[in-house]
Each structure stands twice: as C-alpha cells, then as structure tokens.
Amino acid sequence: MEKDQWLKGLMEIPVTDEKAEKEARNHMDQLTKPLGALGDLEEIVIRLAGITGETVPDIERKGVAVFCGDHGVTEEGVSAYPAEVTGLMIGNFSRGKAAVTVLARRFGAEVSVVDVGSRLEPLPEGVLDRKVRFGTANMARGPAMTREETLKALRVGADLALQWKENGIQLAAVGEMGIGNTTSASAVAAVLTGKPVRELTGRGTGLDDDGLERKREVITRSLEVNRPDPADPLDGLAKVGGLEIAAMTGFILGAARHRLPVVVDGLISTVAALAAVRLAPGVRACLFASHRSAEPAHGVLLEDLGLKPLITAGMRLGEGSGAVLAFPLFDGAVTTAKEMATFSELGLNG
Ligand SMILES: O=C(O)c1ccc[n+]([C@@H]2O[C@H](COP(=O)([O-])O)[C@@H](O)[C@H]2O)c1
Ligand SMILES: Cc1cc2nc[nH]c2cc1C
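Criteria and thresholds
Residues numbered from 1 in each chain as written. Chains lettered and ligands numbered in written order. Predicted model: local features only at pLDDT ≥ 70, side-chain atom pairs only at ≥ 80, totals over all residues. Domains from an automatic or database assignment. Contact = placed C-beta atoms within 7 Å. Helix = DSSP H or I, 4+ residues; strand = E, 2+ residues; numbered from the N terminus. Near = placed C-beta within 6 Å. Nonpolar A, V, L, I, M, F, W, Y, C, P; charged D, E, K, R; others polar. Buried ≥ 20, exposed ≤ 12 C-beta atoms within 10 Å, placed from the backbone. Pairing = 2+ DSSP bridges.

According to the domain assignment, the protein contains domain 1 (2-56 + 336-346) and domain 2 (62-330). For domain 1 versus domain 2, the distance between C-alpha centres works out to 27 Å. Of the residues lining the interface, 15 residues belong to domain 1; the matching set on domain 2 comes to 17 residues. Mapped onto the side of domain 1 that touches domain 2, the elements with two or more residues apiece are helix H1 (2-10) and helix H3 (40-52). If one sorts the elements of the side of domain 1 that touches domain 2 by residue count, H3 sits on top with seven residues.

Moving on: the site of ligand 2. In the neighbourhood of ligand 2, the contacting residues comprise Tyr81, Val85, Met89, Met177, Thr205, Leu317, Gly318 and Glu319. Considered class by class, the residues forming the shell around ligand 2 number five nonpolar, two polar and one charged.

Of all seven residues in strand E4 (residues 171-177), seven are buried; the element is thus mostly enclosed. In E4, alternate side chains face the same way, and those of Leu171, Ala173, Gly175 and Met177 on one face and Ala172, Val174 and Glu176 on the other are all buried. One ladder, built from seven bridges, connects strand E1 (residues 62-69) with E4; its direction is parallel. Bridging across to E4, Val66 finds its partner in Gly175. Sheet analysis places E4 next to strand E5 (residues 262-264), joined by three bridges and oriented parallel. Note on E5: the bridge partner recorded for Ala173 is Val263.

All right, on to the pairing of strand E2 (residues 109-117) then. Counting buried positions over the nine residues of E2 gives seven, a clear majority of the element. Note that E1 and E2 share eight bridges and pair parallel. Bridge pairing links Gly63 to Glu110 in E2. Direction of pairing for E2 relative to strand E3 (residues 128-129): parallel, over a ladder of two bridges. The residue bridging Asp115 from the neighbouring strand is Asp129, located in E3.

Written out as structure tokens, the structure reads:
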C-alpha cells in the first residue's frame, strides 16, 4: 500500500509552463536572425522554458547517469560479446576511460555510474552500489525478475533523479551498460508498441545473420513464455526487461516529477522512456532525444514518443554517449537566447 502511494506520487508530473514557453518563443523570434533560422536550437530553448518555467533557463550543471545490469538471456547466445564485458566496462567507467566518461569530461558533465544489477563484485571505486540482484534470470525460460525487484530498481533511478535535482543538476542524460540488453529492450518495445518482433530486432553489438535470426527467435519465445500484459508497463519491464532498464524508467519518471529535463540516448534508454510515458503521459514533455541509433527499433520508439533526434551519427553504443554528445547543442541554444541582440537593439522593428 505504502509502495503504491510512492509510485502514485512519482507519477504526479507537473504540467508544462505554457506562459514561459510563449515568452521563450517571443524572445527567440526577436533575436537578430531570420525567423526560425536556428531550427532545433530554438525548439530546445522553448521546450526547456516549458519544463523549467524560466524563459531562458540556466543549464550550466549537467549530468549523465549510467545504469548497469546483467542479463540472464545472454545464455541464449544473443550478443556478439560475452556477458563478462558488462563488469569489465563498469571498471572502465570507474577509471574514466569509456566513451561516455571521456565525452563527459570533454563537455563538462558530471557522471554517476550506478550498478543496479550487474554480476560484478566487489564494485570498483566511485560506482554507486544499488544492486537489486546479480543479473536477471533468463527470460526465454521464465520472468526476468519479479515485480518487487522491478519496483526496487525503479526506485533506485527515481531516488537518483531527486538527489540530482536537490544537488543543482539542471540538465540530465541517461544511459546504460548491459550485455544482452538490446534483446530485452526489443522485447519490451514489442510489448509496448504491439509491433512485430522482426521489425524491432537489430544486431546490437554486431550479430551476424545467424545470430540475428536466433535473437528474433529468443525474443519471440520469451514473449510466448511470459505473456506480458501490454496495458501494464511494469509487467513488461519485469518479465522481459532488465534491472538497468527499470532503473532508467524510474530515473526518467523522477526527473519529470521534479522538472529536470532529461536527454535519452539510444534504443535501451528510449524504451525505458516509453515505459515511463505509458505510466505517466506527462513525462513526454520533459524528454529530449539526442540521436537516432542504428538499431531499427529506435526509430519506431522515437516516432511513438513524438521525439525528433538532434543528431544522426549512426551510433549504437549506449552508455549515454550520444546524449552527452548532444549537450553542446543545448549550450549553444541557451547561449544564443542569452547573448544575441534583438532587432529592437539594432534599431529595427523585427
Ligand atoms: O544505444 C543503442 O542503441 C545500442 C545499440 C546496440 C548496443 N548497445 C550497447 O551494447 C550492449 C547491448 O548490446 P547486445 O548486443 O549485447 O544486446 C549494451 O551495453 C548497450 O549499451 C547500445
Ligand atoms: C566493449 C563494449 C562497450 C559498451 N558500451 C556500451 N555497450 C557496450 C558493449 C561493448 C561490447
């Protein structure tokens, strides 16, 4: 009961500040450029205003949260890499040598690496220990995890978003690490969109043709074995999802609850975002899509969410790397809003 109350509270998403949005639009229209000439950058400023309630928001402090988990379904041979790579990459994040940590350093973002369910033990320095269990069960044989575990993982993410908001983070990115998680993400995408598995399954880390066929068959079998309820996003996350996916759903819900704009990364964080939007539709207004992943399901999900990716770079890495790469576009957008002259300052009526 208390748990239900907590989840209900998390889903009370404040509405968009339409007055701030309108003021931001007016402001952008008055700047010394042809109307709309800054394209998506203008949309960033307007949407940030609607989220934060400030006409020209400050986004100096940025962070990327990387949620990590292992997947029992790797037993079925669905990834081009061995499951041990999840743990090895957690070490790499801790040493600041992974793509996301390198990019975060370059573009001035703080990083939180959160182990919500890897098999790694002990954890390296600086990694937040929020382990709910040591990897999920093999979803091709039964549920990946229980509803209880799903809610625990969700709470890990939601609590971090609140902590970030209280600590003064103004723009968040979300990413993940988990060998096998494109299989889980595609399965959750199939549950939430009702689209065919074939259309939603890609090569992940680089499967060959045989591997891709096996992956499709494993996802189809997992859906048959578990029969997740499409009307209950938590059921899909529990039965065919993953610990880091549920944590990202919680993080996104928590961010939206506290009006913290959040940039999603590739396929896996976007499926978490779709689950969050299905739980609380108001979440959508707080989301930005950084790039469009090479995974086929990603485009389907972005369309379902009505999100336009800022970058097209053929990336398929995850980690939050694409989201951090989009941060300079946000800085550029806000800087134009803050520093450009208006037509009236130029002595022209624009
Ligand atoms: O972001 C994406 O769209 C993306 C596409 C393919 C792979 N990945 C990353 O690769 C891992 C999952 O790939 P796989 O083949 O093991 O399912 C996981 O750690 C993800 O971060 C990520
Ligand atoms: C090496 C490696 C790094 C990753 N980062 C995110 N997913 C990944 C998957 C692999 C295999």
